[in-house]
Each structure stands twice: as structure tokens, then as C-alpha cells.
Number of protein chains: 2
Amino acid sequence: MLTKQANPAEIRQHCRLQTHTGNTSGLAAGFVQANVVILPKADAAEFLQFCQLNPKPCPLIAMSGQPGDIGIASAAVELDIRTDLPSYRIFHQGELVAEQTDIREVWRDDLVTFLLGCSFSFEEALLADGLEIRNITEQVNVPMYRTSIRCQPAGKFSGPMVVSMRPMKPADAIRAIQICSRFPQVHGAPVHFGDPAAIGIADLSQPDFGDAVSIKPGEVPVFWACGVTPQLAIAEAKAEFCITHTPGCMLVTDIPNSKLALF
Amino acid sequence: MLTKQANPAEIRQHCRLQTHTGNTSGLAAGFVQANVVILPKADAAEFLQFCQLNPKPCPLIAMSGQPGDIGIASAAVELDIRTDLPSYRIFHQGELVAEQTDIREVWRDDLVTFLLGCSFSFEEALLADGLEIRNITEQVNVPMYRTSIRCQPAGKFSGPMVVSMRPMKPADAIRAIQICSRFPQVHGAPVHFGDPAAIGIADLSQPDFGDAVSIKPGEVPVFWACGVTPQLAIAEAKAEFCITHTPGCMLVTDIPNSKLALF
């Protein structure tokens with residue numbers, strides 16, 4: 001049975017044995033969990049450029065060395081990317097065609113794996129500083145919204161920036177900006193605060209993804225670039241083939257969160 | 001004739017010779033300008049504690065070594081604090097009694113000098129990053145406001161925090177928070193943004209000190225702790241004797257602004 005005390009390698013082993021197939025929220029405290037995007041070599045160069053041009057929504061932590069590689073030694077020892085996530089989604093031409101716990105049967109020797117930073121890391125840093133994270137307090141998924149901010153396009157990849165939102169008092173938001181600025185590889189500082197309409201969000205109570213959270217008097221909504229952004233770009237590009245993690249079911253890496261701190 | 005190209009030592013020499021008796025805004029680009037507070041030894045320990053407890057409004061850069069010392073070698077070579085500012089204000093029992101360009105005649109051998117950071121340093125860093133500073137654009141003094149935020153008291157010294165305000169778009173405010181966080185000795189990150197009433201400010205168009213500036217659509221007011229705070233605390237304390245710089249007429253030091261950056 002998987003416990004909260006399990007280390008990253010143990011968690012990946014449970015995933016591989018399919019004794020853990022659910023989300024990874026709250027597991028392996030202190031270690032980086034990564035968004036996973038797997039694309040054929042034919043699309044990988046353009047996707048890498050998309051990440052390079054849009055580092056806030058698509059912060060690249062690591063990528064596989066050669067097409068077909070199932071390991072990424074810099075992120076996780078003895079990784080088999082085909083089995084070590086709890087759950088995967090498979091897309092053809094941008095359409096979701098399957099969700100499964102093992103992708104060995106669909107693996108190809110031209111596939112390239114990208115690991116992108118995830119908000120779990122910065123939420124941990126904010127909580128450690130004594131700040132409240134509303135979606136955690138209210139035990140729901142963070143609310144996420146499509147915005148009018150356009151990503152910088154790279155070849156077939158383009159689309160709107162998606163943001164996550166956490167309400168805070170202004171003094172707490174200032175502290176959160178300081179803390180998150182130390183972690184550019186997990187989305188970094190917020191991209192906006194205050195008026196949602198300024199970034200094309202019509203109604204905070206109607207998120208495009210995740211769940212709405214309450215906003216108390218004296219709080220302002222604070223918006224971070226979100227890792228759903230590349231998923232939309234891949235869907236819009238109608239990439240021939242793509243595999244991602246199932247939302248919330250991240251790759252648990254061996255990288256301590258503190259290793260991603262700039263200073 | 002004093003020019004904008006003059007170095008700090010040259011500017012202090014002009015002050016000493018009374019060939020420059022006006023404000024120091026825009027002079028000696030790249031060097032720290034300091035707020036100056038001079039108090040008798042009897043009050044110095046409590047004032048030092050007040051600075052220690054309230055580092056955002058009272059960021060101590062340097063102080064004189066022994067009572068009566070006229071130099072502070074760590075801040076300025078060959079400093080004579082009695083002559084090297086353009087203009088001084090003299091207070092008895094918290095009341096302004098004189099404004100003069102030389103304080104040799106009132107100097108006492110029990111006086112202790114404090115140098116506190118000033119917003120000129122962080123404004124320079126913001127401008128260098130391409131941000132607009134509205135009070136500079138509009139060529140007026142920055143607007144300053146008394147707030148409902150109370151300083152931590154230290155002996156006879158207490159009072160409200162005074163803040164300066166610069167309007168910015170949210171994305172620019174986030175960048176300003178990042179930049180200013182590197183400079184805790186010149187007030188550091190803002191203390192508030194958005195709703196003025198949340199910190200006890202009734203009307204932004206009626207600053208308590210300085211001049212109002214325009215706020216454009218889509219901008220929010222951003223508030224920094226201000227060096228006027230210790231002046232109010234000294235006035236409220238009715239300190240027996242105190243000398244400060246005349247507002248805007250700072251001590252130009254030999255310390256490069258970059259030396260105050262944390263990283």
C-alpha cells in the first residue's frame with residue numbers, strides 16, 4: 001500500500017506495478033512532480049521551441065536524450081517513462097482516444113519525452129511560508145482559465161495562455177511573488193493580479209478547468225501561468241500522436257524542490 | 001557649477017562650499033543617496049532599535065561609530081556630515097526651528113548619525129528595467145500617505161507607517177516587486193497594492209506629503225514603505241534635539257546602488 005511517506009522511487013515502483021493508479025497530489029513531499037508530454041521526433045523540435053518561447057506556462061525541467069529513450073537520468077533513477085506514471089492519456093490528431101495505466105503497447109522508437117514543471121512545487125513553498133492556498137484549504141482542484149494572452153507560436157504550436165488562480169490578500173500576494181520568483185522552472189512569478197477582464201476572463205466563478213474557489217473580502221485574484229497551456233497547444237496543433245499524464249497523475253521525480261530554486 | 005556628471009565626492013564638495021544647496025534628485029546616477037537622521041546619544045539606542053524593528057520604512061545603511069564623529073568611512077570618503085549635505089533641518093522637541101546649509105555651529109559631541117536608504121535607488125533600478133515611474137514622468141514629488149499600519153514601537157519612538165505610491169499595470173507591479181525585493185536596504189518590496197482604504201488611505205488625490213499623480217485605466221496603486229516614517233516618529237517622540245536632511249536634499253554617498261543588491 002502506497003503511503004504519504006513513500007519516496008519517489010517507491011512511488012514510481014507502485015505505478016509500474018499498477019498498485020497506484022490515482023493522482024499524486026500530496027505524495028513525496030519535497031520532490032518535484034512533473035507534467036509529462038511525449039511527442040514523435042517529427043514534432044519534438046517545434047514543441048521544444050514552443051517551450052523555449054513560453055517558459056512561464058511551459059517550464060522545461062528535462063527531456064529525454066534520444067528518440068525512443070525511456071529514461072531521463074537527470075530526473076529519476078531507473079525511470080521507465082512507459083510505466084512509471086499512475087495514468088496516461090493518448091491523443092491522435094489532437095483527440096483523446098484512450099486513458100491507460102501503461103503505454104508499453106503504444107510506445108514507438110521515435111518518441112521524445114518532455115518534463116515540465118508543475119505548481120505543486122511552488123504551492124509547497126508558499127505553504128511552508130505560512131501562506132494559505134485556497135484550493136488546498138477547500139480541497140478542490142485549482143481553478144484554471146483560458147486567457148486573452150497569446151503564447152508565442154512555434155511552428156504548429158500556438159494557443160492561449162491558461163492560468164491558475166489563487167486568491168490572496170495583497171501583502172500575501174507580494175510575498176508569494178517573491179517566493180515564486182525563486183522558482184522559474186515551476187511557472188515562476190504570477191503573470192497578473194486583480195481585474196480578471198484585463199486578461200480576458202469573464203467570470204471567476206466559471207473556470208474553464210478545475211473548480212471555483214471562494215474569494216474573501218480584501219483579497220485579490222492572483223494568476224499564474226499554468227501547465228494546461230501546452231496541452232491546449234498540442235490539441236490545437238492536432239499533433240499526429242501525443243501522450244501526456246492524466247491530469248493530477250504526475251511523474252514523481254527524484255529532484256528536490258529546493259534544487260529548482262534560483263537562490 | 002555642479003553638473004549631472006559630478007561624482008559623489010565632487011557633489012559633497014559643492015555642498016561643503018555651498019555652491020550646491022538644492023535637491024539631489026538625478027545627481028550621481030548609480031550611487032546611493034541616503035536619508036540622514038542625527039540624534040543625541042541619549043536617544044540613539046532607541047532610534048536604532050526602532051530601525052531594527054521597522055526595516056522596511058527605516059532601512060539602516062550605516063551609522064557613525066562614536067558620538068560626535070563627523071565621518072562614516074563605510075559610506076563616504078572624507079565625509080563631514082556637518083557640511084556635506086545641501087541643506088539641513090533642525091528640530092527642538094520635535095518642532096522645526098531652522099533650515100540651514102551648514103550645521104557646524106549647532107554640532108555637539110554627543111550626536112550620532114544614521115543613514116537610511118532612499119527610494120531613489122530602487123527607482124533607478126525600475127527605470128533601468130524599462131518601467132515607468134509616474135512621479136518622474138510627471139516631474140513631481142512622489143505622493144506619500146500616512147497609513148493605518150502602525151510601526152513597531154521602540155521606547156519613545158512610534159507612529160504610523162508612511163508609504164509612497166507609484167501606479168502601475170499589474171504585470172509591471174509584479175516585475176517591480178521582483179526588482180525591489182533585491183534591495184531591502186532601500187525599502188525593499190512594496191507593502192501593499194490595490195485598495196487604498198485597506199491601509200487607511202481615504203483619498204489618493206490628497207497625499208499627506210508630495211504631489212498627487214495620475215492613475216491610468218488598468219493601473220493599480222502600488223505602495224512602498226517610505227523614509228518619511230522615521231521623521232514622523234521623531235516628531236511624535238518630541239526628541240529633545242534632532243537634525244535631518246531637508247526633504248529631497250540627500251547625502252550622496254560613494255556606495256554604488258548595485259552594492260545594496262542582495263544578489
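These numbers were taken from a predicted model, which means no experiment stands behind them.

Our focus in this paragraph is the overall build of chain A. Of regular secondary structure, chain A possesses six helices and 11 strands. Relative to its length of 263 residues, chain A is compact, with a C-alpha radius of gyration of 18 Å against a globular reference of 18 Å. The C-alpha extent of chain A, read off along each of the three principal axes, is 55 × 40 × 35 Å. Here chain A, with 263 residues, has 49% of them falling under the buried criterion.

The subject of this paragraph is the interface of chain B and chain A. Tallying the contact residues gives 16 residues for chain B and 16 residues for chain A. Put simply, the parts of the chain that give the side of chain B that touches chain A at least two residues each are α5 (170-181) and β8 (192-193) of chain B. Grouping the constituent residues of the side of chain B that touches chain A by class yields 11 nonpolar, five polar and no charged.

Moving on, we come to the sheet that holds β8 of chain B. Spatially, four strands are ordered β6-β7-β9-β8 (chain B) in an open sheet, and the strand pairing comes out antiparallel. The strands lining the two open edges of the sheet, one partner per strand, are β6 (144-150) and β8 of chain B.

Now for the sheet that holds strand β8 (residues 192-193) of chain A. All names here are of chain A. In spatial order, the strands read β6-β7-β9-β8; together these four strands make up an open sheet with antiparallel pairing. Only two strands of the sheet have a single neighbouring strand rather than two, namely β6 (144-150) and β8. Along the sheet, helix α5 (residues 170-181) makes contact with β7 (160-168), β8 and β9 (220-225), crossing β9 at roughly 15°.

Across the 10 residues that make up helix α6 (residues 228-237) of chain B, a large majority, eight, are buried. V228, T229, P230, Q231, L232, A233, I234 and A237 of chain B are the residues of α6 of chain B that are buried.

This brings us to the nonpolar core. With 158 residues, the main nonpolar core has A34, L115 and V163 of chain A together with A34, L115 and V163 of chain B as its most contacted residues. With near-sequence residues (within four places) excluded, L115 of chain B lies in contact with A34, V36, I61, A62, M63, I72, A75 and L251 of chain B.

A separate point is the relation of the copies chain B and chain A. Rotating chain B by 180° and translating it 0.0 Å along the rotation axis places it on chain A, where the RMSD comes to 0.0 Å. The transformation relating the two chain copies, once decomposed into turn and shift, fits a two-fold axis. It is Q178 of chain B whose C-alpha, among those of chain B, lies nearest the rotation axis, at 3.1 Å. Mapped onto chain A, 100% of the interface residues of chain B are again interface residues, and the two copies thus contact each other with one and the same surface.

Inspection of the secondary structure assignment puts E95 of chain B in strand β4 (residues 95-100). Counting along the chain gives 141 residues from E95 of chain B to E236 of chain B, while the straight-line C-alpha distance between them is 9.6 Å.

What follows covers unusual backbone geometry. All names here are of chain B. Residues other than glycine seldom take positive phi values, yet E78 does so here, at roughly 55°. In this structure, E78 sits in the loop between β2 (60-63) and β3 (88-92). Note on E78: 12 C-beta atoms within 10 Å, which makes it exposed. We note that Q93 has phi near 50°; this positive angle belongs to a residue other than glycine. Of note, Q93 is situated in the loop between β3 and β4. Taking the C-beta count within 10 Å as the criterion, Q93 has 12 such neighbours and is therefore assigned exposed.

This part takes up helix α3 (residues 119-128) of chain B. The buried fraction of α3 of chain B amounts to seven of the 10 residues, a majority that puts the element mostly inside the structure. On its buried side, α3 of chain B packs onto β1 (31-40), α4 (134-137), β7 (160-168), α5 and β9 (220-225) of chain B.

This part takes up the environment of P247 of chain B. All names here are of chain B. Here P247 lies in the loop between β10 (241-245) and β11 (251-256). Of the residues examined, P247 has 17 C-beta atoms within 10 Å and is grouped as partly exposed. Between the C-alpha atom of P247 and that of R89, which follows or precedes it by 158 residues, the distance is 8.8 Å.

Further remarks concern the domain arrangement of chain A. Residue and element names in this part refer to chain A. Looking at the assigned domains, one finds that chain A contains domain 1 (8-117 + 238-260) and domain 2 (120-230). A separation of 22 Å is found between the C-alpha centroids of domain 1 and domain 2. Contacts between the two partners involve 21 residues from domain 1 and, on the opposite side, 24 residues from domain 2. Breaking the side of domain 1 that touches domain 2 down by element, the ones donating at least two residues are β1 (31-40) and α2 (41-53).

Before going further, it helps to spend a moment on the environment of K216 of chain B. Residue and element names in this part refer to chain B. By secondary structure assignment, the location of K216 is in the loop between β8 and β9. With 10 C-beta atoms counted inside 10 Å, the residue K216 sits in the exposed group. Distance in space between the C-alpha atoms of K216 and K169 is 8.8 Å, their sequence separation being 47 residues.

Turning next to the packing of α5 of chain A against α5 of chain B. Running from N to C, α5 of chain A and α5 of chain B point in directions that differ by 70°, and their axes come no closer than 10 Å. Taken as axis vectors, α5 of chain A and α5 of chain B run roughly perpendicular relative to one another. The segment α5 of chain A lies against α5 of chain B, with I174, I177, Q178 and S181 of chain A engaging I174, I177, Q178 and S181 of chain B. Within the contact of α5 of chain A with α5 of chain B, the residues separate by chemical class into four nonpolar, four polar and no charged.

Rules behind the numbers
Residues numbered from 1 in each chain as written. Chains lettered and ligands numbered in written order. Predicted model: local features only at pLDDT ≥ 70, side-chain atom pairs only at ≥ 80, totals over all residues. Helix = DSSP H or I, 4+ residues; strand = E, 2+ residues; numbered from the N terminus. Rg over C-alpha atoms; globule rule 2.2 N^0.38 Å. Buried ≥ 20, exposed ≤ 12 C-beta atoms within 10 Å, placed from the backbone. Contact = placed C-beta atoms within 7 Å. Nonpolar A, V, L, I, M, F, W, Y, C, P; charged D, E, K, R; others polar. Pairing = 2+ DSSP bridges. Axes fitted to C-alpha atoms, helices over the stretch in contact; angles between N-to-C directions. Core = buried A, V, L, I, M, F, W, Y, C linked by C-beta atoms within 7 Å. Least-squares fit on C-alpha atoms with pLDDT ≥ 70 in both. Domains from an automatic or database assignment. Parallel < 35°, antiparallel > 145°, perpendicular 65-115°, else oblique.

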